[in-house]
Amino acid sequence: MNITDLTTHLFSHQPENPPRNARTVWKTKHVLLVRIETDTGLFGVGEAWVDGADPSAVEAILLKDVRPYLLGRDPFMTDAVFDALIDTTVVSGKRGIMHAAASAVDIALWDIKGKAANL
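Conventions and cut-offs
- Residues numbered from 1 in each chain as written.
- Predicted model: local features only at pLDDT ≥ 70, side-chain atom pairs only at ≥ 80, totals over all residues.
- Heavy atoms only, no water.
- Phe/Tyr/Trp six-rings, centres within 6.5 Å; stacked < 30°, edge-to-face > 60°.
- Helix = DSSP H or I, 4+ residues; strand = E, 2+ residues; numbered from the N terminus.
- Lys NZ or Arg CZ within 6 Å of the ring centre and 35° of its normal.
- Core = buried A, V, L, I, M, F, W, Y, C linked by side-chain atoms within 4.5 Å.
- Buried < 20%, exposed > 50% of the residue type's maximum accessible area, 1.4 Å probe, protein only.
- Contact = heavy atoms within 4.5 Å.
- Axes fitted to C-alpha atoms, helices over the stretch in contact; angles between N-to-C directions.
- Left-handed = near helix turned anticlockwise from the far one by under 90°.
- Nonpolar A, V, L, I, M, F, W, Y, C, P; charged D, E, K, R; others polar.
- Salt bridge = Lys/Arg side-chain N within 4 Å of Asp/Glu carboxyl O.

Participant: Would you take a moment to explain the packing of aromatic side chains for this structure?
Facilitator: The description of two aromatic rings rests on the distance between their centres and on the angle between their planes. A full pass over the atoms with the stated rule returns one aromatic pair. Here the aromatic rings of W26 and W49 are separated by 6.4 Å at their centres, their planes lie at 80°, and the arrangement is edge-to-face. Of the two residues, W26 sits in the loop between β1 (3-13) and β2 (29-38) while W49 sits in the loop between β3 (43-48) and α1 (55-70), which places them 23 residues apart along the sequence. Directly above the ring of W110 sits K113, whose terminal nitrogen or CZ lies 3.9 Å from the centroid.

What follows is the structure, encoded as structure tokens:
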């Protein structure tokens with residue numbers, strides 16, 4: 001099984017009662033979903049954490065850096081994929097953004113693993 005595509009889907013809304021914590025109030029809730037497809041028809045979905053930041057930066061990393069790296073790779077190699085993505089940040093200064101992107105990919109790959117195992 002190989003990865004054939006990665007797409008993103010951004011949803012944003014202004015909640016009537018914005019969630020808050022001790023540091024911030026989220027007036028706009030962003031949900032950036034990542035869909036990873038395989039050559040067997042299985043797909044997985046993950047979410048990138050983008051609250052408190054502009055989601056376009058994480059989306060750009062996913063589409064321009066992560067997608068080309070993933071195409072043709074084995075979706076069951078979750079640890080290797082995560083480590084390789086984080087390793088690209090050693091000298092680039094994009095560690096936080098890549099962690100959000102790699103997290104979404106990791107969730108989507110585990111979704112594929114679960115579906116492949118009929119779980």
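Once you've had a look at it, read on.
Participant: Looking at this structure, how should I read the nonpolar core?
Facilitator: Here is a general trend for soluble globular proteins: nonpolar side chains tend to be buried in one another's company. With 24 residues, the main nonpolar core has L6, I36, V58, L62, V66, L70 and V105 as its most contacted residues. Within the residue set of this core, elements represented by two or more residues are β1, β2, α1, α2 (78-87) and α3 (95-116). With nine residues, α3 is the single largest residue contributor to this core. Once you skip the residues sitting within four places of it in the chain, V58 turns out to touch L32, A48, V50, I97, A100 and A101.

Participant: Quick question: what am I supposed to make of the environment of V91 here?
Facilitator: Turning to its location among the elements, V91 is positioned in the loop between α2 and α3. You can call V91 exposed: its relative accessible area is 80%. Counting along the chain gives 10 residues from V91 to V81, while the straight-line C-alpha distance between them is 18 Å.

Participant: Looking at this structure, I do not really get the packing of α1 against α2. What am I missing?
Facilitator: Axes are the key here: two packed helices are described by the angle between their axes and the distance separating the axes. Relative orientation of the contacting elements α1 and α2 amounts to 140°, with a least axis distance of 11 Å. Considering the relative orientation of α1 and α2, their crossing is right-handed. Contact residues: V66, Y69 and L70 in α1; A80, V81, A84 and L85 in α2. Class assignment for the residues of the contact of α1 with α2 results in seven nonpolar, no polar and no charged.

Participant: Teacher, can you tell me more about the pattern of salt bridges here?
Facilitator: When the charged atoms of two side chains with opposite charge come close together, those side chains can pair. A full pass over the atoms with the stated rule returns three salt bridges. The partner of D5 in a salt bridge is R67, with the nearest N and O atoms 2.8 Å apart. Placement of D5 in strand β1 and of R67 in helix α1 is noted, with a sequence separation of 62 residues between them. Classification of R67 by relative accessible area gives partly exposed; the value is 27%.

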